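Architecture and fold: a report
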Amino acid sequence: MSETIEILIQTTPDMELQTIAQKVMDQKRITDEECLALFERGSLAFVGALANFTRERMHGDKTYFNRNFHIEPTNVCVFSCKFCSYSRLYAHKEEGWELSIDQMLDIVKGYDGKPVTEVHIVGGVHPKMNLAYFVELIQKIHAHRPGLHVKAFTAVELDYMFRKAKLSSEEGMKVLKDAGLQSLPGGGAEIFHPEIREQIAADKVNGDGWLQIHEIAHNMGMHSNATMLYGHIEKFEHRVDHMSRLRTLQDKTKGFNTFIPLKFRNSNNDMSHVPESTITEDMRMYAIARIYLDNFPHLKAYWPMLGRQNAQLSLAFGVNDIDGTIDDSTKIYSMAGSEEQTPTMSTAELVTLIKQVKRKPIERDTLYQEINDYSHKSLLAEDLAGLN
Ligand code: V47
Ligand code: SF4
């Protein structure tokens, strides 16, 4: 692989790109200006080779997935993000859903005896589902299945919950942690830069607020993920700014596990006139994120949004994690027009998908501890039967 990069360096007339390639080979950090140069002038082949070099240096062929399921408590939301295809305003709440604590517990109980390791809970920001409601939910999930890792609530939901409860973010986070919350998912980050955020997500927590909530969680020993919604009205410099803020916080706390670029999908929302990014641009996005975010251990492609084959392709462009088996309960992407209208994949299917592109499938838990290495296991149907 390093010979490929040597050839890239020798054959690229662009001196700045040559410098960047050399830095990547020497494991040196690239600057924001250099990141912008990659977005503006780095070909797919160029950034792809550098990202794959970095990915293989960090993880070899290992490709992680986990066995999880999602609960979306409600799609009623007090906010009105322009890109959102999923939420219903409280005034139209009859068009949405609101799950009771018992209904959510029944979802959890539906996985009794199944080897899932994580429940991912994210939804709209419902004015009546408050901190006390979610404390009760988490306590009950924890009591029912203590070994299940609870990864829940975006910084947007948390910010609203804490403010309504008149608690500081530190106080609110402690209440949830004591109830059994273990990690935060990466949603709600969108684009931090106010120039864009004010146009697409004006009324929810701003970029600084999002980062502050993650910093508080990290300082309490919790881990979290970070996302970026890209491929809409933002410019490359806004992507760089977003990743730069994440890299700075990660230097401070080391609390982020993974970065998840989320491709904007344009069905059924107020931004349907905005064209979606091409697959080439999606792969460049992954690759540049892998090169720039040198302190993020993992880069995830969320396959329900990207589609299975594109997720497979992303494994050659820096990605080393393709999320989980999930199940068919997640609606955020199907309603926005994603490839996967019923996003469910069994363990056998995920393992096959990863092996088809000559990578090593490794089942992980939320904190990336390895649970099962499937690279040497036979893929005979009978071996994998019952593993979903
Ligand atoms: O914050 C909403 C995005 C996010 C659209 O942490 C859209 O492991 C594209 O954050 N087109 C929620 N994206 C999902 C999320 C997530 C998903 C998987 C794993 C993890 C994790 C986190 O979905 C929202 C928003 O950025 N989103 N609408 C849309 N039209
Ligand atoms: Fe509400 Fe989240 Fe949709 Fe924004 S993206 S409207 S906060 S559900």
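The text that follows walks through the structure, step by step, so that each part is easy to find. (Residues numbered from 1 in each chain as written. Chains lettered and ligands numbered in written order. Predicted model: local features only at pLDDT ≥ 70, side-chain atom pairs only at ≥ 80, totals over all residues. Heavy atoms only, no water.)

Side note on the environment of A301
Its location among the elements puts A301 in the loop between strand 8 (298-299) and helix 13 (303-306). The exposure class of A301 is buried, given its relative accessible area of 0%. As a C-alpha pair, A301 and N320 span 19 residues in sequence and 8.1 Å in three-dimensional space. A301 has contacts with Y286, L306, S314, V319, D321, I322 and D323, leaving out every residue within four places of it along the chain. (Helix = DSSP H or I, 4+ residues; strand = E, 2+ residues; numbered from the N terminus. Buried < 20%, exposed > 50% of the residue type's maximum accessible area, 1.4 Å probe, protein only. Contact = heavy atoms within 4.5 Å.)

Some details on the site of ligand 1
Around ligand 1 sit 24 residues in total, of which K151, G186, G188, E190 and K300 are the nearest. Contact between ligand 1 and F83: a nitrogen atom at 2.9 Å from a main-chain N or O atom of the residue. Note that a nitrogen atom of ligand 1 is positioned 2.9 Å from one of the backbone N or O atoms of R265. Expressed as a share of its isolated accessible area of 620 Å², the protein-covered part of ligand 1 is 95%. Elements that contribute at least two residues to the shell around ligand 1 include exactly strand 6 (223-230) and strand 7 (256-263). (Near = heavy atom within 4 Å. Polar contact = N/O pair within 3.5 Å; in protein donor to acceptor, adjacent residues only side chain to side chain. Areas by Shrake-Rupley, 256 points an atom, 1.4 Å probe, with all protein chains shown as cover.)

Quick look at the packing of helix 2 (residues 15-25) against helix 4 (residues 44-59)
With their axes 10 Å apart at the nearest point, helix 2 and helix 4 run at an angle of 15° to one another. Regarding the angle of helix 2 to helix 4, the classification is roughly parallel. In the crossing of helix 2 with helix 4, the sense of the turn from one axis to the other is left-handed. Residue-level contacts link L17, I20, A21, V24 and M25 of helix 2 to F46, L50, F53 and T54 of helix 4. Here the residues of the contact of helix 2 with helix 4 are counted per class, giving 8 nonpolar, 1 polar and no charged. (Axes fitted to C-alpha atoms, helices over the stretch in contact; angles between N-to-C directions. Parallel < 35°, antiparallel > 145°, perpendicular 65-115°, else oblique. Left-handed = near helix turned anticlockwise from the far one by under 90°. Nonpolar A, V, L, I, M, F, W, Y, C, P; charged D, E, K, R; others polar.)

So, the pairing of strand 2 (residues 68-71)
Within a regular strand, side chains alternate between the sheet's two faces. The side-chain alternation of strand 2 yields two buried faces, one formed by N68 and H70 and the other by F69 and I71. Where strand 2 meets strand 3 (residues 118-121), 4 bridges bridge the pair, whose relative direction is parallel. Counterpart to F69 in the pairing with strand 3 is V119. (Pairing = 2+ DSSP bridges.)

Some details on the pairing of strand 11 (residues 370-373)
Sheet analysis places strand 10 (residues 360-364) next to strand 11, joined by 3 bridges and oriented antiparallel. Its bridge partner lying in strand 11, I362 is registered against D373. Count of turn residues in the strand 10/strand 11 antiparallel hairpin: 5 residues, of which Y368 carries a positive phi of about 70°.

Some points on the packing of helix 7 (residues 155-164) against helix 10 (residues 207-219)
Packing of helix 7 against helix 10 leaves a shortest axis separation of 9 Å and a crossing angle of 85°. When the axes of helix 7 and helix 10 are compared, the pair comes out roughly perpendicular. For the pair helix 7 and helix 10, the contacting residues are A155, L158 and D159 in the first and W210, I213 and H214 in the second.

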